[in-house]
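What the coordinates show
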Amino acid sequence: MKLFLLFCCLYYLVPSNQAYSQSRKLPTDKKRRDIPLIPIGWDAYLKWDRWPLQRIGVRAYMRSTYDRTGGNSFADMSNFLFMKEEDHNVTLDISGKGFMYFFRFNFWHGSPWHFIVDGKDNLVKETGTDDPLNARKNLQSAEFIPVKPFPEPLAWTWKTTKGADLIWTPIPFSKSFQLAYSRTAVGTGYYIYHLYANKKRLSRPIRSWDINDAPDPGVISLLQRAGTDIAPKNIKTAKGKLILNKSNLLVRYIEAAPSVIRALKFSLPLNKAIDLERLHLKVTWDGKRESSIDAPLCLFFGAGTFYNRKNGEYLVKGLPMNVRYDFSSNKVELACYYPMPFSKSAKFELVGMRPGGEEIEYEIRYEQLTTSFSHTSYFHATYKDFDHQELGKDMVLLDTRGVEGESEWSGNFSGTSIIFSHDGILRGLEGDPRFFFDDSQSPQGYGTGTEEWGGGGFYWGGENMTLPLAGHPCGAPSKATAKNDKDLIESCYRFLLADLMPFGRRAVINLEHGGENLSLEHYETVTYWYGLPAPSLIKTDSIDIGNAMDEKMHDYYSPQCSTVETINSRYEWGIDSFPIKPWPLNDLFMLRKLPPADVATLTPPRYELLVSKEIFPVHAEDGRYTRGSSEFNVNLSSSNQGALLRRKLDYSFPNQKASVYVAYLHATAKKLDWKYIGEWYLAGANTYIFSRPEGELDKRTSIVKTSNRRFRDDEFMIPADCTKGQSKIRVRIQYIPGERELIRGKSYPKESAWSELKYDVYSYILPQVTKH
């Protein structure tokens, strides 16, 4: 017993991460004051040179109308958190201080949309709304209403995308944002937003959105320049010509003081571009043993192939990536404008040539890095070739753990370039993106499909399109219409700028292959990301609610809490098991590459799967819930730059809301001085509403569904002002009652409460790289 008490005392006196923090040599207060401001709102575009910047105290989330049961019912359409009036069907409901950076809808479906910012209802429409049955006849007039806040190239309608309405206009909110659809037919969408902890470290104050505000002209000008050379011109330049006369070729080796690449360009002979498209570009920073960029030329620059089926000027007319055809000089121009910092050296190579004597040109422009290297990050392009799919499991496009031999990375996920078929097949586009950051078991990003991720809808109508930040640059409308084998290559790209996704220790970027991970198409992917091989988020504590010893060690106090309950359920990771069902004849393309063991389970003529294979088994978690308050102590790094709480919860309790307070723990204080931090809110529950009326103008339906997935991880940030210099704080969670109906006249099956199964505690720190 004495040993146990001694251990408890040491636990509180010595932060659990002390040895770890000392090994990182955390910076002094003086260095903290040099942290660059995080560009937000319009600055997130205008200060695009800060793409690589570490974003401490920023979390990004992607929410959508995905099928909560883990499948692909009705292509992830028309799933609503809850419903109010007939014209108020909620798909997104958040609390906090932040920006909505991106919206995607199927055509005008769901319009008019309610953008409810800090309690004020703003109605946004599209011209297809009033006469949807005849809207396609007026294709060229499609635009958003009001026009002022949503002009091209910040917003695009289906007249350009051939299937989706896209909005990149930043919408600030200081307390809350809610999105509701007026109509529910074909009501699909996904949305990306950021939340901020430290208002003093932002480039501008956050004020509530005014729908009458026009976009910053500088942002419009920048996006209009997509496809042109947007990088500074009067800086150091390395350029030249190369003869491709050996298999591996050094393009350029640059030695310089901390610098940043601002432009990387190649010019290929037009008649040889397709022959050269699979050369690998390799870029190695600071003499590392492994390259941070290693990808086929075509896919790195945003296209699955350099075959130009329409002989247009641009295959990719993106902001950071271009593929342009100069028919007057018979050249294909490739350009990358992602800023790429390095500390001392940069090595550029082309590998995989079959020597033929072709001549190419290159240009690399770079300038001095003006910020501390600990505040920035290396650019990466991670290539994956999925020539054989694992049925039922997501493709892992990127897992930063172990990259270049490093266990932890901090930085930003910044986009993808994806070949999703080599055979002219568009149907695998139902696969959902799922993004996990910093050990979360719930994806912070969950989309509705690959084509939606690439800015499309209804398979882009089978057409090609290229926008500054999304596109479907190549691929025939179908296998039957393909002009040659290259025309069968289907690809899409998505570049993230204002809507990039920060992480503090690990990023796992997943994508379904097909709506339930049952497509066997050959995928190839490039994932763009910035990363520094050091964490900005370290785990400093954890409290397992329901574990008596853990509760005692953290002085857990919750006078109105329930007894410990054990729950058997799952997270939202995909389908539970392979279904036993017939394979339609038009899905026979999926059988071509089945391994022999799987082929043996298929029986003609119906090709029925004979055995159901479990993918994600049920597991048990225990914890409590309360309709009162909970308090507990947590350890932090004394050099913290704020903190992140992650709660594991039972999502069967709907619309969980609480006030969060913190207090310093001083031995001499007679009474705790509680400081209010904010409202922690998670909308919805594993019970939701599916509404798919037969006609677009028909009244909504309300089919109540309950998913068998009750486990969810949710996050809350504590600002640095409330944790600075503290190695330990006390947290108080005060449940806020407020019963919301699932739909008018119908309650949720369970009364709301604050569920807590486990809390993980992370400290933000300044990442420190000991070697470059």
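None of the values given here were measured: they were computed from a predicted structure.

Here we come to the overall build of the chain. Within the chain, the regular secondary structure consists of 11 helices and 48 strands. For the chain, the C-alpha radius of gyration of 26 Å lies close to 28 Å, the compact-globule estimate for 772 residues. When its C-alpha atoms are laid out on the principal axes, the chain stretches across 80 × 65 × 60 Å. Evaluated residue by residue, the chain yields a buried proportion of 62% over its 772 residues. Relative to all contacts within the chain whose residues are 6 or more apart in sequence, the contacts with residues 24 or more apart total 81%. Within the structure as shown, the chain displays about 29,100 Å² of accessible surface, and the carbon and sulfur contribution to it stands at 50%.

The next thing to look at is the sheet that holds strand E7 (residues 120–126). With antiparallel pairing, six strands are arranged side by side in an open sheet as E3-E4-E12-E6-E7-E8. Two strands close off the open sheet at either side, each with one partner strand: strand E3 (82–83) and strand E8 (144–145). Pairing geometry for E3 and strand E4 (residues 89–95), over two bridges, is antiparallel. From the neighbouring strand, phenylalanine 82 faces E4, where its bridge partner is valine 90.

What follows concerns the nonpolar core. Membership of the largest hydrophobic core comes to 126 residues, with the highest contact counts inside it found for Phe266, Trp285, Phe300 and Phe348. In this structure phenylalanine 300 touches Leu281, Ile293, Ala295, Met321, Cys336, Met340, Phe379, Ala381, Val526 and Tyr528, once residues within four positions along its chain are discounted.

Relative to the assigned elements, isoleucine 538 resides in strand E36 (residues 537–544). A relative accessible area of 3% means that isoleucine 538 is categorised as buried. Along the chain, isoleucine 538 and aspartate 438 lie 100 residues apart, while their C-alpha atoms are 9.1 Å from each other.

This part covers the pattern of salt bridges. On inspection of all chains with the given rule, the structure shows 46 salt bridges. Across the pair arginine 204 and aspartate 43 runs a salt bridge, and its minimum N-O distance is 2.9 Å. In this pair, arginine 204 is assigned in the loop between strand E13 (189–196) and helix H6 (217–224) and aspartate 43 in helix H4 (residues 43–46), connecting sequence segments 161 residues apart. Overall, the relative accessible area of 27% leaves arginine 204 in the partly exposed class.

As summarised here, the arrangement of the three strands in space is E2-E43-E44, forming an open sheet in which the pairing is antiparallel. At either margin of the open sheet sits one strand with a lone partner, and together these are strand E2 (79–80) and strand E44 (703–706). Sheet topology places E2 next to strand E43 (residues 687–690); two bridges connect them, and they run antiparallel. Residue pairing for E43: asparagine 79 is matched across the bridge by phenylalanine 690.

Extensive coverage of strand E34 (residues 507–511) is indicated by the burial of five of its five residues. Of the two faces of E34, both are covered, the one formed by Ala507, Ile509 and Leu511 as well as the one formed by Val508 and Asn510. For strand E26 (residues 395–399) and E34, the ladder comprises four bridges, and the chain directions are antiparallel. Across the sheet, residue leucine 398 finds its bridge partner in E34, namely isoleucine 509. Here strand E28 (residues 433–437) runs beside E34; their pairing, made up of five bridges, is antiparallel. By the bridge assignment, phenylalanine 435 is partnered in E34 with isoleucine 509.

Structurally, the position occupied by isoleucine 736 is in the loop between strand E46 (728–735) and strand E47 (754–756). For isoleucine 736, a relative accessible area of 25% corresponds to the partly exposed category. Between the C-alpha atom of isoleucine 736 and that of tryptophan 754, which follows or precedes it by 18 residues, the distance is 8.6 Å. Here isoleucine 736 is in contact with Lys657, Ala658, Ser659 and Glu679, once residues within four sequence places are set aside.

This brings us to the packing of aromatic side chains. Under the definition given, this model contains 57 aromatic pairs. Each member of the aromatic cluster is reached from another via a ring pair, and the members are Phe80, Phe103, Phe105, Trp113, Phe115, Phe144, Phe150, Phe173, Phe177, Tyr181, Tyr191 and Trp209. Its end group placed over the ring of tryptophan 48, arginine 262 keeps NZ or CZ at 4.9 Å from the ring centre.

So, on to the pairing of E28. Most of E28 is tucked away, with five of its five residues classed as buried. A two-sided burial pattern is seen for E28, the buried positions comprising Pro433, Phe435 and Phe437 on one face and Arg434 and Phe436 on the other. Examined bridge by bridge, E28 and strand E29 (residues 445–446) share two bridges and lie antiparallel to one another. Bridged to phenylalanine 435 within E29 is glycine 445.

Examined against the element boundaries, aspartate 713 turns out to sit in strand E45 (residues 711–718). Here aspartate 713 occupies a buried position and makes no salt bridge, while the nearest side chain of opposite charge, arginine 646, is found at 4.8 Å. A distance of 2.9 Å separates the side chain of aspartate 713 from the side chain of tyrosine 571, its partner in a polar contact. The contacts of aspartate 713, once residues within four sequence positions are left out, are Ser440, Gln441, Ser442, Tyr571, Arg646, Arg647 and Lys648.

A separate point is unusual backbone geometry. Isoleucine 145 connects to proline 146 through a cis peptide bond whose omega is 5 degrees. Mapped onto the secondary structure, proline 146 falls in the loop between E8 and strand E9 (155–156). Cis rather than trans, the peptide bond between glutamate 152 and proline 153 has omega equal to 5 degrees. Structurally, the position occupied by proline 153 is in the loop between E8 and E9. With phi around 60 degrees, aspartate 438 is a residue other than glycine that occupies positive phi space. As for its position among the elements, aspartate 438 is in the loop between E28 and E29. Looking at aspartate 438, the relative accessible area reads 0%, which means it is buried. Although it is not a glycine, phenylalanine 458 adopts a positive phi angle of roughly 50 degrees. Of note, phenylalanine 458 is situated in the loop between helix H9 (450–453) and strand E30 (465–466).

Looking at the chain, the pLDDT average stands at 91 and 91% of residues meet or exceed 70. Within the model, the stretch residues 1–32 combines pLDDT values under 50 with 50 contacts to residues more than four positions away or in other chains. With pLDDT under 50 throughout, residues 580–610 is counted as low confidence; its partners more than four residues away or in other chains account for 53 contacts.

Conventions used here
- Residue numbering note: each chain is counted from 1, following its sequence as written.
- Where local features are concerned, this predicted model is filtered to residues with pLDDT of at least 70; where side-chain atom pairs are given and counted, the filter is 80 or more; whole-chain, interface and lining totals use all residues.
- Note: side-chain values were computed over all heavy atoms of the structure, leaving out hydrogens and water.
- The helix and strand labels rest on DSSP assignments: H or I over at least four residues marks a helix, E over at least two residues marks a strand, and numbering proceeds from the N terminus.
- Within these notes, the globule rule equals 2.2 Å times the number of residues to the 0.38 power, and the radius of gyration is based on C-alpha atoms.
- Buried means the residue's accessible area, taken with a 1.4 Å probe over protein chains only, is under 20% of the maximum for its type, while exposed means over 50%, and partly exposed covers the values in between.
- Any pair of residues with heavy atoms lying within 4.5 Å of one another is described as a contacting pair.
- Residue exposure ignores everything except the shown protein chains as possible cover, and the areas themselves are Shrake-Rupley values with a 1.4 Å probe.
- Note: two strands are recorded as paired if DSSP finds a minimum of 2 bridges between them.
- What is meant by a nonpolar core is a set of buried Ala, Val, Leu, Ile, Met, Phe, Trp, Tyr and Cys residues, joined one to another through side-chain atoms within 4.5 Å.
- Salt bridge, as used here, is a side-chain nitrogen of Lys or Arg placed within 4 Å of a carboxyl oxygen of Asp or Glu.
- Here a pair means two rings of Phe, Tyr or Trp (six-membered ring of Trp) with centres within 6.5 Å. Their orientation is stacked below 30 degrees between planes, edge-to-face above 60, and tilted elsewhere.
- When the NZ atom of lysine or the CZ atom of arginine is within 6 Å of a ring's centre and also within 35 degrees of its normal, the charge is said to sit over that ring.
- The convention is simple: Lys and Arg are positive, Asp and Glu are negative, and His and the chain ends are not counted.
- N or O atoms within 3.5 Å of each other form a polar contact, as long as, within protein, one can give a hydrogen and the other can take it, and as long as residues adjacent in sequence are counted only when both atoms are side-chain atoms.
- Confidence scores per residue from the predictor, reported as pLDDT, run from 0 to 100.

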